[in-house]
Structure formats: C-alpha cells, structure tokens
Amino acid sequence: MEPVLQVRGLHAAYRRTKVLDHVTFDVMPGTLTAIIGPNGAGKSTLLKTMLDLHPRLGGEVRFFGTAYRNAKLKVGYVPQRGSVDWDFPTDALDVVLMGLYGRIGWFRRPGRRHRELALEALDKMGMADFAKRQISELSGGQQQRVFLARALVQDADLYLLDEPLAGVDAATERAIMEMLRTLRAAGKTVMVVHHDLQTVEDDFDHVLMLNRTVIAHGPTTEIFTQDTIARTYGGWLRRKERVTG
C-alpha cells in the first residue's frame, strides 16, 4: 500500500519563531492517528501548513501522491471550534452543505440530492432535528457535531481534525469517537489533534508525537511509551496522566 500522506522536511514559523522543524512522516491508509504534544508544539500549525493555510518555509507534502491542490476533494478538514465565527447568520444544514461546494461549485445552488446528503450527515451525528437551527444557537458540542457532519458529507478519503474533542460533553465525545472508528472501518484515514493522553491507547491505533519535530510515530502499542512521552513533553509523565496541549 502507498501512503495517503507523505510529509518530508516540513518547516514553518510564526513571525521569527520556528514552530515546525524538519517534520517528516508517512501515514498509511485505514489508520486512526492521534497527534499529541505540549502547548506550542506545532500540532495545529502542522495541519494548516499541510493544507496550505499557513506559509511553508520548506519541505514537501504529498496527498495521495500529489499536491494538496490536486487532492482537495479527497481531504476533509475540521478546524478548531474556537477559530470559527459562530455568529455568522446561517443554519446547521447550510454549514454542512458547504462541505459539498467542492463538487457543486461555489456559484451553483445545491440541489435536492445535495440537501439529502447533508441531512444524512447531520443524522449520523445526531443533529438532524437541528438542521434549520442557527449555528449561534447551538451548544459547543452541537456545533462540533455540525462541523464533523460537514466533513462527513464530503465523503473524503483522509480526514484531518483539529482538537474535535476539546470542550465537548461526554455524549458528543462518544459520538465523535464512534464516527471516527466507523470511518476507519470503512477504509478511511483519520488524523486527530488530541490533548488527552489518558485516552490515546484506547481510541487510536497510531500516534504522532510532535514537539516542533517528530519525536516518534507509529502504532500506539509500540510508540506510546513513558520514554517517548517524556521526550515529547520535556519531562517524565505517567502514562495515564491527563495532559492538554
């Protein structure tokens, strides 16, 4: 099998501070990977740089063997909830329909089939009853479910999610993890910026340990050890300690 994602020598910075330094790794199809590391480790910047949302100082990123601009329809992205303008006047259904604009075209109106697909995605996330609800009226967990539904409706092959479990209620966390496992079972590939070390071993089969550069990457059962945790976070941590980053 060929990697769905190849990153070679990726460098990025904010102002004069380097946040990614020679980041190199491959991601194989059908894996569910947690990206973990301390605050300021470059986890969110990694996703944004790979997706051309943040300037790249050097390196190469290949999605399905080609540049991102040629593979956009195969890649779904869910940004951090805090980076979204939730006061924008739109309802949940329209937010999900935005996930289809790559196929519909920005200047064409969605058809009935597109709306059916969007409703199906909302239903998978338990949000069908909120389709016409303004997003500003939804709770944080409901907003996150809507954004995941927007990614689902794309029917992508690779999903990149930036802290989808941060600040959500327990029911939403379970629903999101169940959906991610369903995607993996369907042969999709998922990468998740994650902050809770306590759940890594139970929820993810692969882990990418990042602190500006890749500390370790591979199957969770092999890579997620006290030694790699200590090297990633810069101090000795118990495996089951909860750490946010």
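Residues numbered from 1 in each chain as written. Predicted model: local features only at pLDDT ≥ 70, side-chain atom pairs only at ≥ 80, totals over all residues. Heavy atoms only, no water.

By the naming in an unreviewed UniProt entry, the protein goes by Mn2+/Zn2+ ABC transporter ATP-binding protein mntB and is assigned to Thermobacillus xylanilyticus. Recorded in UniProt for the protein, the comment headed Sequence similarities (unreviewed entry) runs: "Belongs to the ABC transporter superfamily." (UniProt positions renumbered as here; feature names shortened; annotations may be inferred.)

Could you give an account of the layout of surface pockets, with specific residues and numbers?
Roughly 480 Å³ of internal volume is contained in the largest pocket. Forming the walls of the largest pocket are 16 residues, and the residues nearest its centre are Tyr68, Lys72, Val75, Met98 and Gln154. Of all the secondary-structure elements, those providing two or more residues to the lining of the largest pocket are β5 (75–78) and α3 (101–104). Looking at the lining of the largest pocket, its residues break down into 9 nonpolar, 4 polar and 3 charged. Of the voids in this model, the second largest pocket is the one considered here, and its volume is about 260 Å³. Along the walls of the second largest pocket sit 13 residues, with Lys124, Leu152, Asp155, Tyr159 and Leu183 positioned nearest its centre. Sorting the residues of the lining of the second largest pocket by element identifies α4 (112–124) and α6 (170–185) as the ones contributing at least two each. The element that contributes the greatest number of residues to the lining of the second largest pocket is α4, accounting for 4 residues. When the residues that make up the lining of the second largest pocket are grouped by side-chain class, the tally is 8 nonpolar, 1 polar and 4 charged. (1 Å grid on protein atoms, 1.4 Å probe; cavity = no way out; pocket = protein on both sides within 12 Å on 5 of 7 lines; lining within 4 Å. Points joined across faces, edges and corners; volume = space filled by probe spheres on them. Helix = DSSP H or I, 4+ residues; strand = E, 2+ residues; numbered from the N terminus. Nonpolar A, V, L, I, M, F, W, Y, C, P; charged D, E, K, R; others polar.)

Give a description of helix α1 (residues 43–50) that names residues and reports values.
Within α1, 7 of the 8 residues are buried, which leaves the element mostly enclosed by the surrounding structure. A positive backbone phi angle near 60° is found at Asp52, which sits one or two residues after α1. (Buried < 20%, exposed > 50% of the residue type's maximum accessible area, 1.4 Å probe, protein only.)

Can you break down the nonpolar core residue by residue, with the values?
Ranked by size, the top nonpolar core spans 46 residues in total, and within it Ile36 and Leu180 carry the most contacts. Residue contributions to this core peak at 6 residues, all from helix α5 (residues 140–152). Not counting the four nearest positions on each side in its chain, Ile36 is found in contact with Lys43, His194, Leu197, Val200, Val207, Leu208, Met209, Leu210, Phe224, Thr232 and Tyr233. By size, the runner-up hydrophobic cluster in this structure holds 26 residues, among which are Leu5, Leu20, Leu158 and Leu210. (Core = buried A, V, L, I, M, F, W, Y, C linked by side-chain atoms within 4.5 Å. Contact = heavy atoms within 4.5 Å.)

Can you explain the pairing of strand β2 (residues 17–27)? Please cite residues and give values.
In summary, the side chains of a regular strand alternate between the two faces of the sheet. In this structure, strand β1 (residues 5–14) lies alongside β2, joined through 7 bridges in antiparallel fashion. When the sheet's bridge partners are listed, Leu5 is paired in β2 with Val27. A loop of 2 residues connects β1 with β2, the two strands running antiparallel in sequence, and Arg15 in this loop sits at a positive phi of about 55°. (Pairing = 2+ DSSP bridges.)

Could you give an account of the sheet that holds β2, naming the residues involved and the relevant values?
The antiparallel open sheet is built from 3 strands, whose spatial order is β2-β1-β4. Looking at the sheet topology across the chains shown, the edges are occupied by β2 and β4 (58–63). For this sheet the average axis-to-axis angle between neighbouring strands, irrespective of direction, equals 25°. By the bridge criterion, 5 bridges tie β1 to β4 in an arrangement that is antiparallel. Residue pairing across strands places Leu5 opposite Phe63, the latter belonging to β4. (Axes fitted to C-alpha atoms, helices over the stretch in contact; angles between N-to-C directions.)

Break down the confidence of the model for the protein for me, citing the residues and quoting the values.
Residue-level pLDDT values for the protein average 89, and 92% of them are 70 or greater. α3 is the least confidently modelled element of the protein, averaging 70 in pLDDT, while strand β3 (residues 32–36) averages 98, the highest of any element. Per-residue pLDDT stays below 50 along residues 236–245; that stretch engages in 32 contacts with residues further than four places along the chain or on separate chains. (pLDDT = per-residue confidence, 0-100.)

How would you sum up the sheet that holds strand β6 (residues 158–162)? Please name residues and give values.
Taken in spatial order, the 6 strands of this open sheet run β5-β6-β7-β3-β8-β9, and their pairing is mixed. In this open sheet, the two edge strands, each paired with only one partner strand, are β5 and β9 (213–219). Across the sheet, the mean angle from the axis of one strand to that of its neighbour is 15°, orientation sign disregarded. Of the pairings in the sheet, the one linking β5 to β6 comprises 4 bridges and is parallel in character. Directly across from Val75, in β6, lies its bridge partner Leu158. Across the sheet, α6 lies against β3, β6 and β7 (189–193), angled at about 130° from β3, the strand it touches most.

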